There are 2 protein chains.
Amino acid sequence: MTDRLPSWKPGPVRDAVEAFLDAAVDVPVPERFACFDNDGTLWCEKPNYVQLDFFVGELARRVDEDPSVGERPELAAVLSGDRAAMAEIGLPAIALALAGLFEGLSPEEFTARCRAFFRSGRNEALDRPYASCTYAPMLELVAELRRLDFTVAIVTGGGTEFVRAISPELYAVAPELVVGTLVSYEYGRVDGDGAPFLRRTAGISGGANEGDVKVSNIQTQLGRRPILAAGNSAGDREMLEWAAAGPGPTLALLVDHDDAEREFAYESVAGSFETTDSITDIGASLGWTVVSMARDWETVFSPG
Amino acid sequence: MTDRLPSWKPGPVRDAVEAFLDAAVDVPVPERFACFDNDGTLWCEKPNYVQLDFFVGELARRVDEDPSVGERPELAAVLSGDRAAMAEIGLPAIALALAGLFEGLSPEEFTARCRAFFRSGRNEALDRPYASCTYAPMLELVAELRRLDFTVAIVTGGGTEFVRAISPELYAVAPELVVGTLVSYEYGRVDGDGAPFLRRTAGISGGANEGDVKVSNIQTQLGRRPILAAGNSAGDREMLEWAAAGPGPTLALLVDHDDAEREFAYESVAGSFETTDSITDIGASLGWTVVSMARDWETVFSPG
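The mixed open sheet is built from seven strands, whose spatial order is β6-β5-β4-β1-β7-β8-β9 (chain B). Looking at strand neighbours, the two that pair on one side only are β6 (196-205) and β9 (289-292) of chain B, the edges of this open sheet. Mean inter-strand twist for the sheet, computed between neighbouring axes without regard to direction, equals 30 degrees. Where strand β5 (residues 178-189) of chain B and β6(B) come together, seven bridges link them in antiparallel fashion. Bridging across to β6(B), B:Leu182 finds its partner in B:Ser205. Contacts from helix α10 (residues 237-244) of chain A reach β5 and β6 of chain B within the one sheet, and its direction differs from that of β5(B) by about 90 degrees.

Structure representation (structure tokens):
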């Protein structure tokens, strides 16, 4: 089989992926379970996370209506574009403040806003609509896994509900197979005994879905150990370690963003995680399959 | 279509279920989503929850090895069979203490113990193996929903991992579609930098999956609003209300255990929830479809 992964260049990386696919047919079907990080693994995360573009657009709209919304320090830093202030506050606190802009919305209202943004938005740096910022080689791999009866999940540090809003269209992944960082909900009845409602709060539940939290959340929300895990940042380390340490055939796949010409070249270090080595060096030393975008991918982006 | 639900007797309840099935074909497929409670809804919960039998068996085994295990007040009450003491301590605290017996196990070890118990165990009062204590009419309904491309989830007050251990065999429900009460996990590496491990702690995460927690957990873990919800106890009330209040065709199905001859007759009031009315009366007043086991079911149990 040489043409099942046409967007991958021949070489040791494609060979390793194909060897895993060949070996997986001997794994019982319920154990054929794969977890993919989203940002930087299934689609482009530069110059900004797509979700951050969405949140910042909402912030601009809200400040237009009511300038006092922008006075909160986390949001003021975003509005001013003050990178030093943003770094000091940190992405988790900024993301929490931005997510709070959607407090009170029903899940359906939030999803509708995500989809409207996604459908009209573009990655200006790449001059591509968001829908064609996904990586063709990864989508080919997902399709091949499904052909082999794998269950494919997305395990993202991003907002669960944002990714769920777009995952059916982008990846054909159902909402229950998306695990991310979660807002808390409030359930109640209008006036105490009227129509029931469920609405977003300004709080998050269970912490950011990064690092070892990814592994715990895979168990608690999905209930299976992945035999394939794919990621690109320090926040994916534990998930890849966990997959790689399983019995039987496993694949820990790390995307190295080293292609300044077709995408971006950057060290994959998650915003809120401190590492002394780059995740690429760590992955290589642990025997993971490290994918060089420049060397191993024939095509980068999906036609969309 | 009159023979798609052969275990249901003709009458207004079966008509209501069939009318819902007929209407559901006009609902977009991603919204064809159904949530079933487990104990007392998909299978028998009397004289004890099956999971409680499992936990108590484990307790006996552990006390055999080390009598001091049984000194903890919650466990002493179970061992003595002192119903007054158990009622005073409450089922949630007892369940937590029992779940703590499995602290330190990996998910795979816990699942293996659940399955061994389930395969060898019987409901002595009914003189049936546990595997044939499921309700034939409900399994028929689940099969019919799947024929209509529904996604079917189990939303249980019981332990998520216990139900996941048996749900593929009993209901063909995958682990990610089981939402219940969750233990917390600890992820780490042996000696700090050795092989990764994931093991059960003695704590639970997010509270018991009952009442409004069921609704929030459906949103956070499954990401869709059910258009069908089925239950039998006060702890299912909010889930059924939430389904029934949705737009488009909905079905809120409540099983009334009124069949002392073939199963058990009891008021469905969840152990830790206080209600002044029985859930059957509440359901009838809210316009739910209340299933009388005695009147509406031709057959009660699956052949197994």
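Once the structure has been displayed, the description carries forward.
Here we take up the packing of helix α6 (residues 107-120) of chain A against helix α8 (residues 160-171) of chain A. Residues and elements named next belong to chain A. Packing of α6 against α8 leaves a shortest axis separation of 9 Å and a crossing angle of 55 degrees. Put simply, α6 runs oblique to α8. For the element pair α6 and α8, the recorded crossing hand is right-handed. Touching Phe110, Thr111, Cys114, Arg115, Phe118 and Arg119 of α6 are Glu161, Phe162, Arg164, Ala165, Ile166, Pro168, Glu169 and Leu170, all from α8.

Residues and elements named next belong to chain B. Orientation of helix α2 (residues 50-65) relative to helix α6 (residues 107-120), taken along the N-to-C sense of each, is 105 degrees, at an axis distance of 11 Å. Comparing the axis directions of α2 and α6 gives the class roughly perpendicular. Contact residues: Val50, Asp53, Phe54, Glu58 and Arg61 in α2; Phe110, Arg113, Cys114 and Phe117 in α6. Across the contact of α2 with α6, the residue classes break down as five nonpolar, no polar and four charged.

Our next topic: the confidence of the model for chain A. Of the residues in chain A, 96% reach a pLDDT of 70 or more, and the chain-wide mean stands at 94. Reported confidence for the predicted complex is 0.95 by ipTM and 0.96 by pTM.

With that out of the way, let us pick up the nonpolar core. By size, the foremost hydrophobic cluster in this structure holds 82 residues, and its most contacted members are B:Trp8, B:Phe20, B:Phe36, B:Met138, B:Leu145, B:Phe150 and B:Leu253. Setting aside chain neighbours within four positions, we find B:Trp8 in contact with B:Val13, B:Arg14, B:Val17, B:Pro137, B:Met138, B:Glu140, B:Leu141, B:Leu253, B:Val291, B:Asp296, B:Trp297 and B:Glu298. Counting residues in hydrophobic clusters, the runner-up holds 81 residues, among them A:Phe118, A:Met138, A:Val142 and A:Leu240.

The next subject is the relation of the copies chain A and chain B. Rotating chain A by 180 degrees about the axis while translating it 0.0 Å along that axis superimposes it on chain B, leaving an RMSD of 0.0 Å. Here the two chains are linked by the operation of a two-fold rotation axis.

Let us look at the packing of aromatic side chains. One pass over the full model with this rule turns up 28 aromatic pairs over all chains. Geometrically, the ring pair formed by A:Phe54 and A:Phe117 is tilted, given 5.2 Å between the ring centres and 45 degrees between the ring planes. Linking A:Phe54 in helix α2 (residues 50-65) with A:Phe117 in helix α6, this pair joins segments that are 63 residues apart in sequence. Of the residues examined, A:Phe54 reaches a relative accessible area of 5% and is grouped as buried. Between B:Phe117 and B:Tyr130, the aromatic rings sit 5.3 Å apart at their centres with planes inclined by 35 degrees, giving tilted as the arrangement. Taken together, the residues B:Phe117 in helix α6 and B:Tyr130 in the loop between β3 (128-129) and α7 (136-147) connect sequence positions 13 residues apart. For B:Phe117, a relative accessible area of 17% translates into the label buried. The class for B:Tyr130 is buried, based on a relative accessible area of 4%.

Applying the stated criterion to the full structure yields 42 salt bridges over all chains. With a closest N to O distance of 3.1 Å, B:Asp37 and B:Lys214 form a salt bridge. With B:Asp37 in the loop between β1 (33-36) and α2 and B:Lys214 in helix α9 (residues 212-222), this residue pair connects regions lying 177 residues apart in the sequence. Several salt bridges converge on common partners, so that one network encompasses A:Glu58, A:Arg61, A:Arg62, A:Glu65 and A:Arg113.

This part is about the sheet that holds strand β7 (residues 228-231) of chain A. Residues and elements named next belong to chain A. Within the open sheet, the seven strands sit side by side as β6-β5-β4-β1-β7-β8-β9. Their pairing is mixed. Only two strands of the sheet have a single neighbouring strand rather than two, namely β6 (196-205) and β9 (289-292). For this sheet, the mean angle separating the axes of adjacent strands, direction not counted, is 30 degrees. The sheet contact formed by strand β1 (residues 33-36) and β7 spans three bridges and is parallel. Bridge pairing in β7 places Ala34 opposite Leu228.

Thresholds, definitions, all that
- Residues numbered from 1 in each chain as written.
- Chains lettered and ligands numbered in written order.
- Predicted model: local features only at pLDDT ≥ 70, side-chain atom pairs only at ≥ 80, totals over all residues.
- Heavy atoms only, no water.
- Pairing = 2+ DSSP bridges.
- Helix = DSSP H or I, 4+ residues; strand = E, 2+ residues; numbered from the N terminus.
- Axes fitted to C-alpha atoms, helices over the stretch in contact; angles between N-to-C directions.
- Contact = heavy atoms within 4.5 Å.
- Parallel < 35°, antiparallel > 145°, perpendicular 65-115°, else oblique.
- Left-handed = near helix turned anticlockwise from the far one by under 90°.
- Nonpolar A, V, L, I, M, F, W, Y, C, P; charged D, E, K, R; others polar.
- pLDDT = per-residue confidence, 0-100.
- Core = buried A, V, L, I, M, F, W, Y, C linked by side-chain atoms within 4.5 Å.
- Buried < 20%, exposed > 50% of the residue type's maximum accessible area, 1.4 Å probe, protein only.
- Least-squares fit on C-alpha atoms with pLDDT ≥ 70 in both.
- Phe/Tyr/Trp six-rings, centres within 6.5 Å; stacked < 30°, edge-to-face > 60°.
- Salt bridge = Lys/Arg side-chain N within 4 Å of Asp/Glu carboxyl O.

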